[in-house]
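Given next are the chains, with one letter for each unit.
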There are 4 protein chains.
Amino acid sequence: MSVTHSLSYRVTFGDCDPAGIVFYPNIYGWFDRCFHDWLAGFGGHAAICKDLGAVGAGLMSANADFRRPMRPNDDIRLAMTIRDWGRKTLTLDYEVTVGETVTATGTEVRGLFKPGEKGIVAGEMSALRERVGLA
Amino acid sequence: MSVTHSLSYRVTFGDCDPAGIVFYPNIYGWFDRCFHDWLAGFGGHAAICKDLGAVGAGLMSANADFRRPMRPNDDIRLAMTIRDWGRKTLTLDYEVTVGETVTATGTEVRGLFKPGEKGIVAGEMSALRERVGLA
Amino acid sequence: MSVTHSLSYRVTFGDCDPAGIVFYPNIYGWFDRCFHDWLAGFGGHAAICKDLGAVGAGLMSANADFRRPMRPNDDIRLAMTIRDWGRKTLTLDYEVTVGETVTATGTEVRGLFKPGEKGIVAGEMSALRERVGLA
Amino acid sequence: MSVTHSLSYRVTFGDCDPAGIVFYPNIYGWFDRCFHDWLAGFGGHAAICKDLGAVGAGLMSANADFRRPMRPNDDIRLAMTIRDWGRKTLTLDYEVTVGETVTATGTEVRGLFKPGEKGIVAGEMSALRERVGLA
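Residues numbered from 1 in each chain as written. Chains lettered and ligands numbered in written order. Predicted model: local features only at pLDDT ≥ 70, side-chain atom pairs only at ≥ 80, totals over all residues. Heavy atoms only, no water.

### Considering the relation of the copies chain A and chain B
Relating one copy of the chain to the other requires a rotation about an axis plus a shift along that axis.
No. 1: The two copies are related by a screw operation: chain A maps onto chain B through 180 degrees of rotation and 0.0 Å of translation along the axis, at an RMSD of 0.0 Å. Read as a symmetry element, the transformation amounts to a two-fold axis. Ranked by how close their C-alpha atoms come to the rotation axis, the residues of chain A are headed by Tyr9 of chain A, at 4.5 Å.
No. 2: When the interface residues of chain A are mapped onto chain B, 100% of them are again interface residues, pointing to one common binding face. (Least-squares fit on C-alpha atoms with pLDDT ≥ 70 in both. Contact = heavy atoms within 4.5 Å.)

Now the structure itself:
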């Protein structure tokens, strides 16, 4: 079963830089927005983390390919697909489209961070998987 | 005649700070988003500025009152009302609501900035007023 | 005695918008940066809030005047001055300069937010004043 | 010869998210800040692009590994190293450190974007290489 989540977003002036196109870190911000919008359907990140004794479902790594520039007032579609549940990682693929055109793609690898004896450690991802009804 | 424009927006995790509430500069970013979303109905800021020989319909001053904290996944409503067209200024009022609750209000005073002999100067606002069909 | 705090900052490309100048919400972000940099000298916002049983020294209102546009690589100076300690408010004035030129000024009114029976309430500001050695 | 550029930056409250750590897209923003700070030594991005008939030295792809969380008031060091000049790409490696600890690493692949008949195209990177005195 492929789990996906998507949402619409209109690029605003303030998302863009002096070249007139989207400032690229904001595209990662949209990946993160899509992930949290998905979690909202299960109570949201804060409630989920409280349930699981975690401080966050945060990033271990991320990458993106920027295929076409996006500009103010572009109506974009953000789509997230769960690629893989690892023992201590969750891998998510993202695609950004404007109409039929793919403008950016990317991947996030997230961990379920918990307080440990020597600072924050990555916990078992199965806890999150169960919490969102996918285990 | 009262000119208003509004849009919906879902607060995301990344809009918020370590206190768990919206980082306040982002609320001004939503005012700006609402203004540009309104201009999008007339071709957008870039096209309008090109038509008018301007570099931007930018800020001279702004203020806001923060009445209630907003949090991730709050579904907010942004509403803009034109308060006044001055000779060289446009004054806009904003209201942010979550359901029936007003969470923030504010005001922007914008100028129509044009290239001058000694740098950027504020041009006649009537040009923008005509361009958006309100003169 | 006038309490002031200042810091230097170089405007970066990503702070600026398609008009090539600083996106105005970021200027409020610099006010906030200056305030937190001042608190860092007393252990930082998180430690202070923990000591005082507060969730944040957050905003009740803010305003700014934007006098000159700022651009990428401008070396700015941010200066904060404490204007007034009220019973439940702290009023702070800010000035942004590039060389001898004042580019923006503004004011923040902050409260010391604490958990109350019906949500967050503004606590006595004297607690913060004492904590930073000014009472 | 290894070309590197580095700068210091203090993490601010507004860079961080409800988990109390840096919101990850901002780390890419710091990569971009370091790149533009390097270009500032050659007149800055705007002047260089004007000279080269380009609209921007923008992103084709980027990735990062997040090794340790960063928090408000962490004093970080950003270091950029040029890894490779391709025919139409420039590959840059980044490292973020707090004291002796590496907190994040990453890579940007940039193109020199120019106006083409059918939109923006990637131009010869040798033009930028010469402009910064490395050819």
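### Quick word on the relation of the copies chain A and chain D
No. 1: When chain A is fitted onto chain D, the two copies agree to an RMSD of 0.0 Å after a turn of 180 degrees and an axial shift of 0.0 Å.
No. 2: When you check the interface residues of chain A against chain D, 100% turn up at the interface there too, and the contact is symmetric in its surfaces.

### Examining the environment of Asp32 of chain A
No. 1: Structurally, Asp32 of chain A is set in helix α1 (residues 25-40).
No. 2: Along the sequence, Asp32 of chain A and Pro18 of chain A sit 14 residues apart, while their C-alpha atoms lie 24 Å from each other.
No. 3: With residues near it in sequence (within four places) discarded, Asp32 of chain A still touches Glu108 and Arg110 of chain A, Phe13 and Gly14 of chain B together with Phe23 and Tyr24 of chain D. (Helix = DSSP H or I, 4+ residues; strand = E, 2+ residues; numbered from the N terminus.)

### Remarks on the interface of chain A and chain B
No. 1: Chain A puts 14 residues into the contact, and the matching count from chain B is 14 residues.
No. 2: Joining chain A to chain B, the criterion identifies 2 salt bridges.
No. 3: With its nearest N and O atoms 3.0 Å apart, the salt bridge here joins Asp37 of chain A to Arg10 of chain B.
No. 4: Among the elements of the structure, β1 (4-10) and α1 of chain A are those that each provide at least two residues to the side of chain A that touches chain B.
No. 5: Ranked by residue count, the leading element in the side of chain A that touches chain B is α1 of chain A, at 5 residues.
No. 6: Partitioned by chemical class, the residues of the side of chain A that touches chain B number 3 nonpolar, 6 polar and 5 charged. (Salt bridge = Lys/Arg side-chain N within 4 Å of Asp/Glu carboxyl O. Nonpolar A, V, L, I, M, F, W, Y, C, P; charged D, E, K, R; others polar.)

### Details of the pairing of strand β2 (residues 56-66) of chain A
No. 1: Here β2 of chain A lies mainly inside the structure; 8 of its 11 residues are buried.
No. 2: Bridge count for β2 of chain A against strand β5 (residues 101-116) of chain A is 10 bridges, and the pairing is antiparallel. Within β5 of chain A, the residue paired with Ala62 of chain A across the bridge is Glu108 of chain A.
No. 3: Pairing of β2 of chain A with strand β2 (residues 56-66) of chain D involves 5 bridges; the strand directions are antiparallel. Of the residues in β2 of chain D, the one forming a bridge with Asp65 of chain A is Ser61 of chain D. (Buried < 20%, exposed > 50% of the residue type's maximum accessible area, 1.4 Å probe, protein only. Pairing = 2+ DSSP bridges.)

### Topic: the side chain of Asp17 of chain A
No. 1: Note that Asp17 of chain A resides in the loop between β1 and α1.
No. 2: For the buried Asp17 of chain A, which has no salt bridge, the nearest side chain bearing the opposite charge is Arg110 of chain D, at an N-O separation of 7.8 Å.
No. 3: When residues no more than four places from it in sequence are discounted, the contact partners of Asp17 of chain A are Val22 and Phe23 of chain A together with Phe13, Cys16, Asp17 and Pro18 of chain C. (Lys, Arg positive; Asp, Glu negative; His and termini not counted.)

### A look at the packing of helix α1 (residues 25-40) of chain B against helix α1 (residues 25-40) of chain C
The angle between the axes and the distance between the axes are what describe a pair of packed helices.
No. 1: Running from N to C, α1 of chain B and α1 of chain C cross one another at 170 degrees; their axes reach a closest spacing of 8 Å. Overall, the two elements α1 of chain B and α1 of chain C adopt an arrangement that is roughly antiparallel. Where α1 of chain B abuts α1 of chain C, its residues Pro25, Tyr28 and Gly29 of chain B lie against Pro25, Tyr28 and Gly29 of chain C.
No. 2: Looking at the contact of α1 of chain B with α1 of chain C residue by residue, the class counts come to 4 nonpolar, 2 polar and no charged. (Axes fitted to C-alpha atoms, helices over the stretch in contact; angles between N-to-C directions. Parallel < 35°, antiparallel > 145°, perpendicular 65-115°, else oblique.)

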